[in-house]
Amino acid sequence: MDRGMVIFLGALLTFSSSWLGLILFPFWQLRDEKPLTKDGEDPYPVPLQGLALAGKTVYQNNGCMYCHTQQVRSERFGNWWDANGEQRTGADIRRSYGQRRTVSRDYIYDNPTMLGTMRTGPDLANIGVRNPSAPWHHTHLLNPRSANAWSIMPSFAFFYTREKVVGTRSDKALSLGREWTVNPGYRWKPSAKEWDAILAAQGPALAAQKGIDPASAEGKKQLLDYWLTTPEEDYQVIPNADGDALVAYLLALRKAEVPLPEAKE
Ligand code: HEC
C-alpha cells in the first residue's frame, strides 16, 4: 500500500468511527425516547408552553447558562467530604439539586437544551421544585445581593420598571424593603450623611406618626429600621414582560423530580 492510501484509509477510519460513535449510535439510542405515561398520572416530561416557553428565550438571551447548568449528576460524580474527612460522591443530590440524576428523557422537548457547562451558580434543572416562590425569584433577579450578600450573580434590574403609583398599587408590584434597590433612581441604604439629611427632612413627621422619640439613640435606630423595611409608598417596582416570562420558565424547571426507571443511581 502506498502512503497516500494509508493516509486516506486512516482518515476514513477516524472520521467514520467518530461519526458512528457520536452521531449514529446516540441517534439510535435516543430516537425512541418518549414521555413517561402512567395511568392516572400526567405524562412526563411535557413541552413548555406560553409564558414559560417565552421565558426560555429570555434565559437564552441573557446568558444564564454561562453560570448555571441544568444537569443533575449521578451519585457516582461530584465529590464532597463527610465529617470524618472521607471523600464521598453525589454532591448534586446532596445539595438537593434534584431527587435523582437527570437522563436524556428529561430533555426530549428542550431544543436547544440549556445544559450549560459552568457551575458558577447552583444547578437550575429543578429550581421550580426547590424554590417555587415567584416573588423570591423576582427580588433575587432584581438584586441577587438581597438574598445572599456574597452573591456574584449580576443584577437583572432591567426586567423591572420603577414607577409612581397612580391610583392603587399594581397586583404585580414587588414588595421590597427600601434597601433592596439597585439602580440610580431606585433607593438604597442611605449613607450616614444621607440618613442625616433624610432624618432632618422627614424624621419629626415619621417619629410623630410612629410614636418614636427621634432624639434618642434607640429612636434613631427604630426610624432607620422602619425606613429600610417599609416599601416606598408612592413608588412600585413591577416586572416587565421578560421578567414575568423568565420567572415562569424558572418555575417550570422541574427536572429530576418525577422518578424515571432508567435514572437509578
Ligand atoms: C456571573 C454568573 C451568573 C449569571 C450570568 C447568572 N447567575 Fe444566577 N447565580 C449565580 C450565583 C453565583 C448564584 C448563587 C448566589 C445567589 O443565590 O445569588 C446564583 C443563583 C441563582 C438562583 C438561585 C438558585 C438557588 O438554588 O437558590 C437562580 C434562580 C438564578 N441564579 C437564576 C439566574 C438566571 C435566571 C440568570 C439569567 C437571567 C442567572 N441566574 C444568571 C451566578 C450567575
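The following paragraphs examine the structure supplied in this document. (Residues numbered from 1 in each chain as written. Predicted model: local features only at pLDDT ≥ 70, side-chain atom pairs only at ≥ 80, totals over all residues. Heavy atoms only, no water.)

Turning to the layout of surface pockets, a few remarks are in order. Of the volumes computed, that of the largest pocket is approximately 590 Å³. Element by element, the count of residues in the lining of the largest pocket is highest for helix α5 (residues 134-142), at four residues. Taken together, the residues that form the lining of the largest pocket break down as 15 nonpolar, 10 polar and one charged. Quantified by volume, the second largest pocket comes out at close to 380 Å³. If you trace the second largest pocket, you find 19 residues lining it, with Y44, V46, L48, A252 and R254 closest to the centre. (1 Å grid on protein atoms, 1.4 Å probe; cavity = no way out; pocket = protein on both sides within 12 Å on 5 of 7 lines; lining within 4 Å. Points joined across faces, edges and corners; volume = space filled by probe spheres on them. Helix = DSSP H or I, 4+ residues; strand = E, 2+ residues; numbered from the N terminus. Nonpolar A, V, L, I, M, F, W, Y, C, P; charged D, E, K, R; others polar.)

This part covers the packing of helix α2 (residues 50-61) against helix α8 (residues 241-252). Working note: a packed helix pair is described by the angle between its axes plus the distance between those axes. At a minimum axis separation of 7 Å, α2 and α8 run at an interaxial angle of 105°. Relative to α8, α2 is oriented roughly perpendicular. Residues L51, A52, A54, G55, K56, V58 and Y59 of α2 touch α8, and the partners they reach there are D242, D244, A245, L246, A248, Y249, L250 and A252. (Axes fitted to C-alpha atoms, helices over the stretch in contact; angles between N-to-C directions. Parallel < 35°, antiparallel > 145°, perpendicular 65-115°, else oblique. Contact = heavy atoms within 4.5 Å.)

As a further point, take the pattern of salt bridges. Note on pairing: side chains with opposite charge can pair once their charged atoms come close. If you walk through the whole model with that rule in mind, you get nine salt bridges. In this structure, the salt-bridge partner of R88 is D82, at a minimum N-O distance of 3.0 Å. Of the charged contacts in the structure, one is a salt bridge between D106 and R100, with a shortest N-O distance of 2.9 Å. A residue is classified by how much of its surface remains accessible, and D106, at 3% relative accessible area, is buried. Taken together, the shared-partner salt bridges connect R73, D92, R95, R119 and D123 into one network. (Salt bridge = Lys/Arg side-chain N within 4 Å of Asp/Glu carboxyl O. Buried < 20%, exposed > 50% of the residue type's maximum accessible area, 1.4 Å probe, protein only.)

Moving on to the site of the ligand. Neighbouring the ligand are 24 residues; C64, C67, H68, R130 and M153 lie closest to it. At 2.8 Å, a side-chain N or O of H68 approaches a nitrogen atom of the ligand. Comparing atom positions with the cavity grids shows the ligand to sit within the largest pocket. Within the residue set of the shell around the ligand, elements represented by two or more residues are α4 (127-130), α5 and α8. A total of four residues in the shell around the ligand trace back to one element, the largest contributor, which is α5. When the residues that make up the shell around the ligand are grouped by side-chain class, the tally is 15 nonpolar, eight polar and one charged. (Near = heavy atom within 4 Å. Polar contact = N/O pair within 3.5 Å; in protein donor to acceptor, adjacent residues only side chain to side chain. Sits in = over half its atoms within 2 Å of the grid points.)

This next bit is on α8. Spanning 12 residues, α8 covers 17 Å between terminal C-alpha atoms, matching the ideal 16 Å at 1.5 Å per step. Listed in full, the buried residues belonging to α8 are G243, A245, L246, V247, Y249 and L250. For α8, the secondary structure elements touched by its buried residues are α2, α4, α5 and β4 (235-239). Its side-chain oxygen at 3.1 Å from the backbone nitrogen of D242, N240 defines the N-terminal cap of α8. (Expected span 1.5 Å × (residues − 1).)

So, on to the environment of A52. You can see A52 is positioned in helix α2. Expressed as a C-alpha distance, the spacing of A52 and L251, which sit 199 residues apart in the sequence, is 8.1 Å. Those residues in contact with A52 that sit more than four places away from it in its chain are A245, A248, Y249 and A252.

The subject of this paragraph is helix α1 (residues 3-30). Here α1 is 28 residues long and its end C-alpha atoms lie 39 Å apart, about the 40 Å a rise of 1.5 Å per residue gives. The largest bend in α1 is about 35°, located at L20. (Bend = angle between axes of the 7 residues up to and from the residue.)

Geometric descriptors of this kind do not, in isolation, establish any biological role.
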